[in-house]
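Read off the chains here:
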Amino acid sequence: FFKVVVYICTMIARAIEHQIVKALTVFPAVAILGPRQVGKTTLAKSISNNMKKKVMYVDLERKSQYDNLLLNAEQYLEAYQDNCVILDEIQRIPELFPLLRSLIDEKRVPARFIITGSASPDLIRGASESLAGRISYYYLQPIGLHELPGTISLQQHWLRGGFPQHLTLRNNTIRAEWMNAFITTYIERDLPFLFDVKFSSVTMRKLWTMLAHLQGTILNAENLGRSLDITGTTLKRYLDYLEGAFIITRLQPFYVNLGKRLVKSPKLYINDTGVLHFLLNIFDKKELVSHPVLGASWETYVLSQINYAKNNRIDTYFYRTQVGAECDVVLSRGHVVKACIEIKYSSSPTLSKGFYQSISDLQCTHNFVIIPDEVDYLFTKNIRIVGLKNFIDKYLSKIK
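Residues numbered from 1 in each chain as written. Predicted model: local features only at pLDDT ≥ 70, side-chain atom pairs only at ≥ 80, totals over all residues. Heavy atoms only, no water.

## Thoughts on the overall build of the protein chain
When you go through the protein chain residue by residue, the secondary structure sums to 17 helices and 13 strands. In summary, the protein chain has a C-alpha radius of gyration of 22 Å against a globular reference of 21 Å for 400 residues, a match within 12%. When its C-alpha atoms are laid out on the principal axes, the protein chain stretches across 65 × 50 × 45 Å. Counting only residues that meet the buried cut, the protein chain has 53% of its 400 residues in that class. Partitioning the intrachain contacts of the protein chain with sequence separation of at least 6 by distance along the chain shows that 66% fall at a separation of at least 24. Accessible surface, the protein chain as shown: approximately 18800 Å² in total, 50% of it carbon and sulfur. (Helix = DSSP H or I, 4+ residues; strand = E, 2+ residues; numbered from the N terminus. Rg over C-alpha atoms; globule rule 2.2 N^0.38 Å. Buried < 20%, exposed > 50% of the residue type's maximum accessible area, 1.4 Å probe, protein only. Contact = heavy atoms within 4.5 Å. Areas by Shrake-Rupley, 256 points an atom, 1.4 Å probe, with all protein chains shown as cover.)

## Let's talk about unusual backbone geometry
Positive phi values are uncommon outside glycine, yet Phe246 reaches one of about 70°. A relative accessible area of 17% places Phe246 in the buried class. Unlike most non-glycine residues, Gln363 shows phi in positive territory, near 50°. When you line up the elements, Gln363 lands in the loop between helix H16 (353–362) and strand E11 (367–371).

## Considering the pattern of salt bridges
Per the stated rule, a full pass over the model turns up 19 salt bridges. The closest approach of N and O atoms between Glu61 and Arg189, which form a salt bridge, is 3.8 Å. On the criterion of sequence distance, the pair formed by Glu61 in the loop between strand E2 (55–59) and helix H4 (63–78) and Arg189 in helix H9 (residues 172–195) is long-range, its members being 128 residues apart. Note that Lys344 is salt-bridged to Glu342, the shortest N-O span being 3.7 Å. (Salt bridge = Lys/Arg side-chain N within 4 Å of Asp/Glu carboxyl O.)

## Regarding helix H3 (residues 40–49)
Taken together, the buried positions of H3 are Lys40, Leu43, Ala44, Ile47 and Ser48. Seen from one end, H3 has its buried residues packed into an arc of 135°, which puts them on one side. In the core, the buried residues of H3 are packed alongside helix H2 (17–23), strand E1 (29–33), E2, strand E3 (84–88) and strand E4 (113–117). (Arc of directions from axis to C-beta.)

## Brief notes about empty space enclosed by the protein
Counted by the stated rule, this structure contains three cavities of 30 Å³ or more. Counting residues per element, the ones that place at least two in the lining of the largest cavity are helix H7 (154–160), H9 and helix H13 (273–279). Put simply, the second largest cavity is a space of about 80 Å³. Residue lining of the second largest cavity: 13 residues in total, with Phe163, Phe246, Ile247, Asn271 and Asp272 positioned closest to the centre. Of the residues contributing to the lining of the second largest cavity, the split by class is 10 nonpolar, two polar and one charged. (1 Å grid on protein atoms, 1.4 Å probe; cavity = no way out; pocket = protein on both sides within 12 Å on 5 of 7 lines; lining within 4 Å. Points joined across faces, edges and corners; volume = space filled by probe spheres on them. Nonpolar A, V, L, I, M, F, W, Y, C, P; charged D, E, K, R; others polar.)

## Notes on the sheet that holds E11
An order of E8-E9-E10-E11-E13-E12 is seen for the six strands of this open sheet, with the pairing classed as mixed. The outermost strands of the open sheet, each flanked by one partner alone, are strand E8 (315–320) and strand E12 (376–380). The average angle at which neighbouring strand axes cross in this sheet is 30°, direction not considered. Here five bridges tie E11 to strand E13 (residues 383–387), and the two strands are oriented parallel to one another. Bridge pairing in E13 links Ile371 to Gly387. Of the strands in this sheet, strand E9 (326–333), strand E10 (336–343), E11, E12 and E13 touch helix H17 (residues 388–395), which is tilted by about 110° from E13. (Pairing = 2+ DSSP bridges. Axes fitted to C-alpha atoms, helices over the stretch in contact; angles between N-to-C directions.)

## With respect to the packing of helix H10 (residues 201–213) against helix H12 (residues 232–244)
At a minimum axis distance of 12 Å, the contact between H10 and H12 shows a crossing angle of 80°. Accordingly, the angle class assigned to the pair H10 and H12 is roughly perpendicular. In this structure, H10 uses Thr203, Met204, Leu207, Trp208 and Leu211 to contact H12, whose residues at the interface are Leu235, Tyr238, Leu239 and Leu242. Class assignment for the residues of the contact of H10 with H12 results in eight nonpolar, one polar and no charged. (Parallel < 35°, antiparallel > 145°, perpendicular 65-115°, else oblique.)

## Quick notes on the pairing of strand E7 (residues 267–270)
What you see with E7 is no split at all: Lys267 and Tyr269 on one side and Leu268 and Ile270 on the other are buried throughout. Relative to E7, strand E6 (residues 248–251) runs antiparallel, the two sharing four bridges. Bridged to Thr249 within E7 is Tyr269.

## Brief notes about the packing of aromatic side chains
Scanning the entire structure with this criterion turns up 19 aromatic pairs. When the ring of Trp298 is compared with that of Tyr301, the centres are 5.9 Å apart and the planes differ by 40°; the resulting orientation is tilted. Placement of the pair is Trp298 and Tyr301 together in helix H15 (residues 294–309), with a separation of three residues, close to one helical turn. Taken together, the aromatic side chains of Phe163, Trp178, Phe182, Tyr186 and Trp208 make up a single cluster linked through ring pairs. A cation sits over an aromatic face here: Arg92 above Tyr66, 4.8 Å from the ring centre. Here Lys267 stacks its cationic end above the ring of Phe318, 5.3 Å away from the centre of that ring. (Phe/Tyr/Trp six-rings, centres within 6.5 Å; stacked < 30°, edge-to-face > 60°. Lys NZ or Arg CZ within 6 Å of the ring centre and 35° of its normal.)

Written out as structure tokens, the structure is:
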């Protein structure tokens, strides 16, 4: 059974693969970053199978390979200077980054290294500075709606999330056990190791659960910290760790000088709806549609799918004023608003005055209301009602 699951996971084509292959024809190093269990190693090996160079794979989670590289890194890597070396989970040895820079500068040819990591380079000591100009970063997200095989429906994807194994396991009990192990490992091992910090695993687990119940709300760090018996400063540091490990998103407000009083605190989202639903004890569609978090869950799912599929030069924000103008998602490039999006779990959505006011404030001509049904029609001259899959397939790719 598990062999079948692994086989299915390897058969799900990842949209980002062709971009990485193209980058390897130019850059000496390419990094594939993303959360644990998202398929980074599988993707790196898939890419390497089609390379003309010989490939050397180093798993830094295996103690023997970790110890060998830690003790003899320069000699070891120099022996493979004509190969492509895959360094899996490089954040385990951040001291490698200055060495990689030196080796690349001695022999600057494309595709010398493919590295994978489970933390943002900004939070891995030495990563962002050491390889500047020598590396291209790519973020591998959980499997997106635009990558789904035909055997998995949107409803299943929304309920289970996009982590390959969790998505493809058919047994609810086994899926729950997998997710519990995933979260426990992150809290008790990965986060402390990734960021070299110590914290109470009980407090961190409680924080994850509280974030699930606060899904899509404006962050009040002092109140949330008080609930956990920690300071607002400590709470923000914990959120830094979770965001740096690709578990949460703090969606920032879109700020422009419009002469209006704007909400300036971010909104909080657990990125993967499978993680969200597990933390809320939601295991099937009936439990989801009757749960108070239904609207926030749908909003999370839509936001995550937009983030997974959008052009990298497009940024996502939300917009809210102190007097009630509100837009769930603003897509922009710099200060230029490309689209305003309202997210509704309804077949017959009713639009608020706040959304119309947001469109007026931001002077946006491309506006969408995304609903669960696969529809596509004009609601007014500049507002389109559209299903999520139609939006991603027909409209998101045109927003550049």
